[in-house]
Amino acid sequence: MYVMTIKLTAPPSYNTGTFLNFPLVTNIDELQADFAILGIPFGIPYDASAMANDQSRTPDVLRRTPVLEDIEYAKNHFDWDLGGPLLAEKNIRVVDCGNISADASDHKEHYRRAEAAARKIFSHGAILIAIGGDHGIPIPVMRALEVFDTPITLVQIDAHLDWRDEINGEKEGYSSPIRRASEMPWINKIVQIGLRGIGSARTQEVADARAYGADLISAYEMHDIGMEAVLDRIPDGGPYYLTIDADGIDPTIMPAVMAQTPGGLDWIQTRKLLHGLVNKGRVVGMDLVEIAPSNDIRNITMIHAERLICNFIGASIRAGHCE
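Every chain is numbered independently, its residues counted from 1 as its sequence is written. Note on the predicted model: pLDDT of at least 70 is required for a residue's local features to be given, and 80 or more for side-chain atom pairs to be given and counted; whole-chain, interface and lining totals, by contrast, use all residues. Only hydrogens and water are set aside when side-chain values are computed; all heavy atoms of the structure are taken into account.

1. So, unusual backbone geometry
Most of the time, phi is negative for any residue but glycine, and the peptide bond is trans.
Okay, so step 1: The omega torsion of the bond from Gly132 to Gly133 falls at 20°, within 30 degrees of zero and hence cis.
Okay, so step 2: Pro239 follows Gly238 through a cis peptide bond whose omega is -5°.
Okay, so step 3: Helix numbers and strand numbers start at the N terminus; a helix is a DSSP run of H or I with at least 4 residues, a strand a run of E with at least 2. Locating Pro239 in the fold gives a position in strand S8 (residues 237-245).
Okay, so step 4: Of note in the backbone geometry, Leu20 takes a positive phi value of approximately 55° without being a glycine.
Okay, so step 5: With respect to the helices, strands and loops of the structure, Leu20 is situated in the loop between strand S1 (9-10) and strand S2 (35-40).
Okay, so step 6: The class for Leu20 is buried, based on a relative accessible area of 1%.
Okay, so step 7: Even without glycine at this site, Glu89 takes up a positive phi of about 55°.
Okay, so step 8: Along the chain, the position of Glu89 falls in the loop between helix H2 (71-76) and strand S3 (94-100). Buried residues are those whose accessible area, probed at 1.4 Å on protein chains only, stays under 20% of the maximum for their type, while exposed residues exceed 50% and partly exposed ones sit between those limits.

Here you go:
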């Protein structure tokens, strides 16, 4: 167990507000919440030039995106995506835990702090919503899933396979989260949705994923069979962890990514997956990663990111996972 005296999280930077103005709680040891939003800005770089990247800005950029400026509308008005106000007029506690703090002299310290924070959040019974950062940041969060006493089904939305064992000797970068997940005894079934185009995977990585038993659903198969059929291939009952790489969504609605690839999930399919999954069983946490704010066009990516997170919160409440 990781023990430290430094605060695991810090408030959003540059006077950025919290997500939807939910209360800021950086003392996770005393957390009382149904949902905990957590920024995890920094992945582990493959080379020195990637030590600072655009994705690390996303947690704070999303918090201050213009679509979130009218808090009254977003939180209290009728939401047609949900069939009522966001929190369903219930006493639901959503908090923003700020961002995981970092140590410039030790890049892996960020992961250790992220894992420690996620373990505390899960242990307090809150549903975690992590905002990255690149796709390495789910690795410490998935390690924290060990606190649950039942196997977790991992569901991934992504254009890429993410089964590389290492790149430049680094095993915990953004090309390896699903490989690392496959090595965790508490991760059981893995379902990967939206695969398409060309990424870092080679023929061997695809063979390794299939040998593990991962259900690889290309974007083209998903479009052909429909999201209902995809949901049918995910084991019932949960619990689930959902990891969403923004490049798994079609670039027409999420252009702010580093690897824009045609043919991804559209909004209707994404919403159907979110609502369908929480109605199959409890999703104990999710992350949204790989958004590069500098590539956005008129905030369209951030608009869909806000809708995605709000749909996840609202659908989870209506599925009875906060009572």
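From this point, things continue past the structure.
2. A look at the packing of helix H9 (residues 267-280) against helix H10 (residues 300-318)
Okay, so step 1: It is at 9 Å that the axes of H9 and H10 come closest, and there the two elements cross at 25°. Viewed along their axes, H9 and H10 adopt a mutual orientation that is roughly parallel. Two packed elements cross with a definite hand, and for H9 against H10 that hand is right-handed. Packed against H9, whose contacting residues are Trp267, Thr270, Arg271, Leu274, His275 and Val278, the element H10 presents His304, Arg307, Leu308, Asn311, Phe312, Ala315 and Ser316 at the interface. Between N-to-C directions, angles span 0 to 180 degrees; the directions come from axes that are lines fitted to C-alpha atoms, helices contributing only their stretch in contact. For classification purposes, angles smaller than 35 degrees are called roughly parallel, those larger than 145 roughly antiparallel, those between 65 and 115 roughly perpendicular, and all remaining angles oblique. The handedness criterion is simple: a crossing whose near helix is rotated anticlockwise from the far helix by less than a right angle is left-handed, and one whose near helix is rotated clockwise is right-handed. For this analysis, residues touch if any pair of their heavy atoms sits within 4.5 Å.

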